[in-house]
Amino acid sequence: MTRVLSGIQPTGDVHLGNYLGALRQWAIDQHDADAFYCAVDLHAVTIQQDPEQLRSATLGTMATLVSVGLDPEVCTLFVQSHVPQHTELSWLLECTVSLGELRRMTQFKDKAARAEGGDQRGDHVSAGLFTYPALMAADILIYDADRVPVGDDQRQHLELTRDVAQRFNSRYGDTFVIPDAAIPTVGARVMDLQNPTAKMSKSSESPQGSVGIFEDPAHVARKFTRAVTDSESEVRYDPEVKPGVSNLLSILGAATGRSAADAAASYSQYGVLKTDTADAVIAMLEPIKAKKAELDADPAELARIIAVGADKAEAVACVTVARAKEAMGFLPKQPQPKVSA
Ligand code: TRP
């Protein structure tokens, strides 16, 4: 069976873009693949985090993953830092990747430039931010993942993961599975409601542009009513010329299981398109909110799910890391019989 792995950073609330662009697909994939999904808290600390906030965001992210339909009985759901082999393998891969390869990562260049520009806490660029792709490669290779569903912004990290795995295999013998990226189709790309040429994001300039999946329905409705469109009046799917209207159509289509172009055929007015899109989104989010409320009322159940996931993930991770260490020439640790007194 195909192995799938993906990760989400436990920072901020999950929005419609995360759900339609990624999490919804994760929930589908769990049924036809052996799926591993994690909250990547070790990646989150490449930027300084408030400890209390990191803890609650990690818990919140795990609750969100369950709420969107990831079933801990069907897939393996875990917190990255609960599986210590990730950091162990990351070191082996840091010694396999080159400085030049890491330097070419555009995400590092962007984040470092922003931090140096003073947007980030303490104007501090950690070494972890630089070696981040080695940790991400470890996340993937440790589960022998065949397929990695990620957004387009992670394509370069995936390519690097493949290169590092290939280099390791050619140096030390066949050890890792070479993973393929699974980049979602453009249809699943949700844009900011206020600035429809930019992707919906957690750090959007206008909170009105981003819709959280647990947001109050009245807020959701208001955000759609105020969504930016254009000065024409024709409802047509044309992302280049009509990014706002096209975004509404792709959201409506995604929420009702149609293509954006099909959704367009039923509308002639922006107002009705907006209210119908809001209604479809609210209906789609309702069961997710209900599941979240259920989990919030039962913290012991969430803790149990997290513990089970860690054990399942670690059982797999141990085997791969032992294989990689042996291939590299580390001396195996021999258990000695206990000497009785
Ligand atoms: N870097 C990814 C992001 O920022 C998160 C991530 C970490 C990830 N490890 C991963 C994604 C492994 C897929 C597979 O979105």
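Keep in mind it's a predicted model, so treat the numbers as computed, not measured.

(A) Up close: the site of the ligand. Near the ligand lie 13 residues; those nearest to it are Tyr-132, Met-136, Asp-139, Val-150 and Gln-154. In the model, an oxygen atom of the ligand is placed 3.5 Å from a nitrogen or oxygen of the Gln-9 side chain. Between the ligand and Asp-139, the relevant distance is 2.7 Å, taken from a nitrogen atom to a side-chain nitrogen or oxygen of the residue. Burial of the ligand by the surrounding chains reaches 89%, relative to a free accessible area of 360 Å². Among the elements that take part in the shell around the ligand, helix H7 (residues 127–141) stands out by supplying four residues, more than any other. A class-by-class count of the residues in the shell around the ligand yields seven nonpolar, five polar and one charged.

(B) Representation of the packing of helix H1 (residues 16–32) against helix H12 (residues 270–296). Contact geometry of H1 with H12 gives a least axis separation of 13 Å together with a crossing angle of 65°. The angle between H1 and H12 places the two elements in the roughly perpendicular class. Along this stretch, H1 crosses H12, giving a crossing that reads as left-handed. On H12, the residues touching Leu-16, Tyr-19, Leu-20 and Arg-24 of H1 are Val-281, Met-284, Leu-285 and Ile-288. Partitioned by chemical class, the residues of the contact of H1 with H12 number seven nonpolar, no polar and one charged.

(C) Focus on the pattern of salt bridges. Applying the stated criterion across every chain yields a total of 17 salt bridges. In this structure, Glu-234 engages Arg-236 in a salt bridge whose closest nitrogen and oxygen atoms are separated by 3.0 Å. Members of the salt-bridge network, linked through shared partners, are Asp-230, Glu-232, Glu-234, Arg-236, Asp-238 and Lys-242.

Conventions and cut-offs
Residues numbered from 1 in each chain as written. Predicted model: local features only at pLDDT ≥ 70, side-chain atom pairs only at ≥ 80, totals over all residues. Heavy atoms only, no water. Near = heavy atom within 4 Å. Polar contact = N/O pair within 3.5 Å; in protein donor to acceptor, adjacent residues only side chain to side chain. Areas by Shrake-Rupley, 256 points an atom, 1.4 Å probe, with all protein chains shown as cover. Helix = DSSP H or I, 4+ residues; strand = E, 2+ residues; numbered from the N terminus. Nonpolar A, V, L, I, M, F, W, Y, C, P; charged D, E, K, R; others polar. Axes fitted to C-alpha atoms, helices over the stretch in contact; angles between N-to-C directions. Parallel < 35°, antiparallel > 145°, perpendicular 65-115°, else oblique. Left-handed = near helix turned anticlockwise from the far one by under 90°. Contact = heavy atoms within 4.5 Å. Salt bridge = Lys/Arg side-chain N within 4 Å of Asp/Glu carboxyl O.

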